[in-house]
Amino acid sequence: MLQVSKELSVSQIDNESVVLDAVSGKYFGLNPTARRIFEVLQSTGSEELTIKTLVTEFAVEEDRLRKDVTAFAELLVAKGLARRV
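A brief structural summary. (Residues numbered from 1 in each chain as written. Predicted model: local features only at pLDDT ≥ 70, side-chain atom pairs only at ≥ 80, totals over all residues. Heavy atoms only, no water.)

**Re the overall build of the protein**
Here's step 1: Check the secondary structure of the protein and you find three helices and five strands.
Here's step 2: When its helices and strands are written in sequence order, the protein yields β-β-β-β-α-α-α-β.
Here's step 3: In terms of C-alpha radius of gyration, the protein reaches 12 Å, essentially the compact-globule figure of 12 Å for 85 residues.
Here's step 4: Dimensions of the protein, computed from C-alpha atoms along their principal axes, come out at roughly 35 × 35 × 20 Å.
Here's step 5: Going through the 85 residues of the protein one by one, you find that 32% of them count as buried.
Here's step 6: Sequence separation of 24 or more characterises 42% of the internal contacts of the protein that already satisfy a separation of 6 or more.
Here's step 7: Put simply, the protein shows about 5,400 Å² of open surface, and 52% of that area lies on carbon and sulfur atoms.
Here's step 8: With 11 positive and 13 negative side-chain charges, the protein shows a spacing of 4 Å between the two charge centroids. (Helix = DSSP H or I, 4+ residues; strand = E, 2+ residues; numbered from the N terminus. Rg over C-alpha atoms; globule rule 2.2 N^0.38 Å. Buried < 20%, exposed > 50% of the residue type's maximum accessible area, 1.4 Å probe, protein only. Contact = heavy atoms within 4.5 Å. Areas by Shrake-Rupley, 256 points an atom, 1.4 Å probe, with all protein chains shown as cover. Lys, Arg positive; Asp, Glu negative; His and termini not counted. Charge placed at Lys NZ, Arg CZ, Asp CG, Glu CD.)

Written out as structure tokens, the structure reads:
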């Protein structure tokens, strides 16, 4: 399971979303695809459920989506925006 920090706020600026970490003061830009992955990860807390949800939304092979979701989740953890529970 993945727990996204509750200290994050997301804002939309043009076609990009910005995630602000209130603790560190750092912000991160997300393109529309990354924004959707972030939203689903945040609501489900599960990479597997995120993949199952998004495979129906995006025209992409499940293996490719699995790699992208896993890489994105690892990036969130590495940046301190989420943690494994």
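The structure having been displayed, the exposition proceeds.
**Digging into helix 1 (residues 32-44)**
Here's step 1: Across its 13 residues, helix 1 extends 18 Å between first and last C-alpha, which sits within 8% of the 18 Å expected from 1.5 Å per residue.
Here's step 2: Inspection of helix 1 places Ala34, Ile37, Phe38, Val40 and Leu41 among the buried residues, and these make up the whole buried set.
Here's step 3: In this structure, the buried residues of helix 1 make contact with strand 1 (2-4), strand 2 (8-13), strand 3 (16-21), strand 4 (27-30), helix 2 (47-54) and helix 3 (62-78).
Here's step 4: Where helix 1 begins, the capping side chain belongs to Asn31, and its oxygen is found 3.0 Å from the backbone nitrogen of Thr33.
Here's step 5: Where helix 1 terminates, the next one or two residues include Gly45, which has phi positive at roughly 70 degrees. (Expected span 1.5 Å × (residues − 1). Polar contact = N/O pair within 3.5 Å; in protein donor to acceptor, adjacent residues only side chain to side chain.)

**Concerning the nonpolar core**
Here's step 1: Counting residues in each nonpolar core, the largest one holds 20 residues, and the members touching the most others are Phe38, Leu41, Phe72 and Leu76.
Here's step 2: Broken down by secondary-structure element, the contributors of at least two residues to this core are strand 1, strand 4, helix 1, helix 2 and helix 3.
Here's step 3: Dropping the residues within four chain positions of it, Phe38 is found in contact with Val4, Leu8, Val10, Val19, Leu30, Phe72 and Leu76. (Core = buried A, V, L, I, M, F, W, Y, C linked by side-chain atoms within 4.5 Å.)

**Observations regarding the pattern of salt bridges**
Here's step 1: Evaluation of the coordinates by the stated rule reveals eight salt bridges.
Here's step 2: The partner of Glu74 in a salt bridge is Arg84, with the nearest N and O atoms 2.3 Å apart. Residue Glu74 is found in helix 3, and its partner Arg84 is found in strand 5 (residues 82-84); the two are separated by 10 residues along the sequence.
Here's step 3: Note on Arg84: relative accessible area 37%, which makes it partly exposed. (Salt bridge = Lys/Arg side-chain N within 4 Å of Asp/Glu carboxyl O.)

**A look at the packing of helix 2 against helix 3**
Here's step 1: Put simply, helix 2 and helix 3 touch, their axes get as near as 10 Å, and they point 135 degrees apart. Judged on the interaxial angle alone, helix 3 and helix 2 are oblique. Classified by chirality, the crossing of helix 3 by helix 2 is right-handed. Contact residues: Glu47, Glu48, Thr50, Ile51 and Leu54 in helix 2; Glu62, Leu65, Arg66, Val69, Thr70 and Ala73 in helix 3. (Axes fitted to C-alpha atoms, helices over the stretch in contact; angles between N-to-C directions. Parallel < 35°, antiparallel > 145°, perpendicular 65-115°, else oblique. Left-handed = near helix turned anticlockwise from the far one by under 90°.)

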